[in-house]
Amino acid sequence: MRILVIGGGAREHALCHALSRDPEVTALHCAPGNAGIAEVATVHPVDALDGAAVAALAAELDAALVVVGPEAPLVAGVADAVREAGIPVFGPSRDAARLEGSKAFAKDVMAAAGVPTARSHVCTTAEQIDAALDAFGAPYVVKDDGLAAGKGVVVTEDRAQAREHALACERVVIEEFLDGPEVSLFAVTDGTTVVPLQPAQDFKRAYDGDEGPNTGGMGAYSPLPWAPAGLVDEVMETVLEPTVAELRRRGTPFSGLLYAGLAVTSRGVRVIEFNARFGDPETQAVLARLRTPLSGLLYAAATDELAALPPLRWSEGAAVTVVIASEGYPAAPRTGDPITGLDTVAEVDGPDAYVLHAGTRRGADGAVLSAGGRVLSVTATGADLTAARTRAYAAVGRVELKGSHYRKDIAEAAALGTSPA
């Protein structure tokens, strides 16, 4: 199978890393890719938001499957263009991707499907914003209705900060705060059949102890030893299957990766948000544990054959991902600095620990340089979370990037047997 992956972040490197080890994959391409992806796939320049250009590249490469990684191309309709070219594609249509592209749309779908979620108000005026903030009180949860690269959500006790963020959005969703730990659960679907992956937890705040601003994610781990028994079955029954059925009923079937961001509250599981693609950095940890060949799973979803797929196989161990971010991230990330130690990680820690590139590029002299806010995802596996995080942090310690920072508490509570707050 010849596969083209669209995107250039750590999520796409994780996908390419898994696909490069898949015996069914005969040729692997990625556009635009990054410095790390170029080591396992042939990279091509392309505007990932240009559906016609992506479809043309897929045809030129004779791709049997196109995997669209990021949300922006999906919301822009890139998957539609590839399908119209007659090429199987893993990723929802523009209409179905509105589940992530518009939080107001997602709330409407959840209401119609009876999916448990936070009470909310959609606001477009200062008066509506003030009324919603007053109605729910602190902690305030304010979400930009559109795409915001993982940084469109503000959760704060400060009403002035919440109001400022809301006023900066053209359309905003203000909702009640959901207590309890958060869980990310991915499901692969062809629009009818839904196949859940293993749950994971990510860390959105920039600094240890969940301090600092929201980021795109500073680390993740899987499995979740503290999760309630039967959690996946419950989410399948109350969230994933009803949502897929509702979108199919509306004539906009969702085919691809449905990501449910969940809160395990004192009143039961509630949906925080939906995404229309693999999450970053949870994908890095989840795929590290997947033993079923990835290409067959994605291709079955793209060709409406998931019902015939055997049950997924998983490792019994654990995986931990630690994100190394550039100086100044998330407010003003510094770029262009050299990264060293990557070869040492490969030599000393591989294959149990490895580095996935997010924001990197090659310099004129061939050196790997930082090119984004979240620069690297160091992922490690082990017999349990303690072993996995020990390996991950040992590998992190071998990487050098001027001014970089990372959280030192990824999976710490879970490894100690403590349920996160």
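Heads up: these notes are all about the structure in this document. Since the model is a prediction, treat every value here as computed from it, not as a measurement.

**Points about the pattern of salt bridges**
- Applying the stated rule across the entire model yields 24 salt bridges.
- Across the pair Arg362 and Glu39 runs a salt bridge, and its minimum N-O distance is 3.1 Å. Note that Arg362 is positioned in strand S21 (residues 360–362) and Glu39 in the loop between strand S2 (27–32) and strand S3 (42–43), a separation of 323 residues in sequence.
- For Arg362, a relative accessible area of 42% gives the class partly exposed.
- In this structure Glu39 comes out as exposed when scored by relative accessible area, which is 57%.
- Among the charged side chains, a salt-bridge network with shared partners connects Arg11, Glu12, Glu71, Glu100 and Arg277.

**Regarding the side chain of His29**
- With respect to the secondary-structure elements, His29 resides in strand S2.
- Of note is the side chain of His29, whose polar atom sits 2.8 Å from the side chain of His44.

**Comments concerning the nonpolar core**
- Ranked by size, the top nonpolar core spans 77 residues in total, and within it Leu4, Val66, Leu99, Tyr221, Leu240, Phe274 and Val320 carry the most contacts.
- Ranked by residue count, the leading element in this core is helix H9 (residues 231–249), at seven residues.
- If sequence neighbours within four positions are ignored, Leu99 has contacts with Phe105, Ala106, Val109, Thr243, Leu247, Phe254, Leu258 and Phe274.
- Counting 39 residues, the second largest nonpolar core, distinct from the first, contains Phe278, Leu294, Leu298 and Ala301.

**Some words on the sheet that holds strand S9 (residues 172–175)**
- Read across the open sheet, the four strands follow the order S6-S9-S7-S8; overall the sheet is antiparallel. Strands at the two margins of the open sheet, each flanked by one partner only, are strand S6 (120–123) and strand S8 (153–156). In this sheet, neighbouring strand axes are inclined to one another by 20° on average, regardless of whether the strands run parallel or antiparallel.
- Strand direction decides the pairing type here: strand S7 (residues 140–144) and S9, joined by four bridges, are antiparallel. Its bridge partner being in S9, Lys143 is matched across the sheet by Val173.
- The strands that helix H7 (residues 126–136) touches are S6, S7 and S9; relative to S6, the one it contacts most, it runs at about 165°.

**A closer look at the packing of aromatic side chains**
- Enumeration over the complete set of coordinates arrives at five aromatic pairs.
- Geometrically, the ring pair formed by Phe203 and Tyr221 is tilted, given 6.0 Å between the ring centres and 45° between the ring planes. Taken together, the residues Phe203 in the loop between strand S12 (201–202) and strand S13 (205–207) and Tyr221 in strand S15 (residues 219–222) connect sequence positions 18 residues apart. This pair shows no difference in class: Phe203 is buried, exactly as Tyr221 is.
- Considering the side-chain rings of Tyr393 and Tyr406, the 6.2 Å spacing of their centres and the 40° angle between planes classify their relative orientation as tilted. Of this pair, Tyr393 sits in helix H13 (residues 385–396) while Tyr406 sits in the loop between strand S24 (400–401) and helix H14 (412–415), placing them 13 residues apart in sequence.
- The exposure class assigned to Tyr393 is buried, which follows from its relative accessible area of 17%.

**Here's the deal with helix H8 (residues 159–167)**
- Among the residues of H8, those classed as buried are Ala162, His165 and Ala166. Within H8, the buried residues cover an arc of 100° as seen down the axis, which keeps them to one side. Seen from the buried face of H8, the exposed residues on the opposite side, beyond 90 degrees, are Ala160 and Glu164.
- In this structure, the buried side of H8 is in contact with H7, S7, S8 and S9.

**A few points about helix H10 (residues 282–289)**
- Extensive coverage of H10 is indicated by the burial of eight of its eight residues.
- Listing the buried residues of H10 in full gives Glu282, Thr283, Gln284, Ala285, Val286, Leu287, Ala288 and Arg289.

**Considerations on the side chain of Glu175**
- Examined against the element boundaries, Glu175 turns out to sit in strand S9.
- A distance of 3.0 Å separates a polar atom in the side chain of Glu175 from a polar atom in the side chain of Lys107.
- In this structure, Glu175 is in contact with Lys107, Ala118, Arg119, Ser120, Phe136, Val141, Lys143 and Ile272, ignoring residues within four places of it in sequence.

**A closer look at the pairing of S8**
- What you see with S8 is a clean split: Val154 and Thr156 sit on the buried side and Val153 and Val155 on the side with no burial.
- Two elements, S7 and S8, share four bridges in a ladder whose sense is antiparallel. Opposite Lys143, over in S8, you have Val153 as the bridge partner.

**Considering the environment of Ala166**
- With respect to the element layout, Ala166 can be found in helix H8.
- Along the chain, Ala166 and Ala371 lie 205 residues apart, while their C-alpha atoms are 30 Å from each other.

**With respect to unusual backbone geometry**
- Along the chain, Ala31 connects to Pro32 via a cis peptide bond; the corresponding omega equals 0°.
- Here the residue pair Gly350 and Pro351 is connected by a cis peptide bond, since its omega of 0° sits within 30 degrees of zero.
- Structurally, Pro351 is set in the loop between helix H12 (342–348) and strand S20 (353–357).
- In this structure, Asp210 takes a positive phi of about 55° despite not being glycine.

Cut-offs used in this document
Residues numbered from 1 in each chain as written. Predicted model: local features only at pLDDT ≥ 70, side-chain atom pairs only at ≥ 80, totals over all residues. Heavy atoms only, no water. Salt bridge = Lys/Arg side-chain N within 4 Å of Asp/Glu carboxyl O. Helix = DSSP H or I, 4+ residues; strand = E, 2+ residues; numbered from the N terminus. Buried < 20%, exposed > 50% of the residue type's maximum accessible area, 1.4 Å probe, protein only. Polar contact = N/O pair within 3.5 Å; in protein donor to acceptor, adjacent residues only side chain to side chain. Core = buried A, V, L, I, M, F, W, Y, C linked by side-chain atoms within 4.5 Å. Contact = heavy atoms within 4.5 Å. Pairing = 2+ DSSP bridges. Axes fitted to C-alpha atoms, helices over the stretch in contact; angles between N-to-C directions. Phe/Tyr/Trp six-rings, centres within 6.5 Å; stacked < 30°, edge-to-face > 60°. Arc of directions from axis to C-beta.

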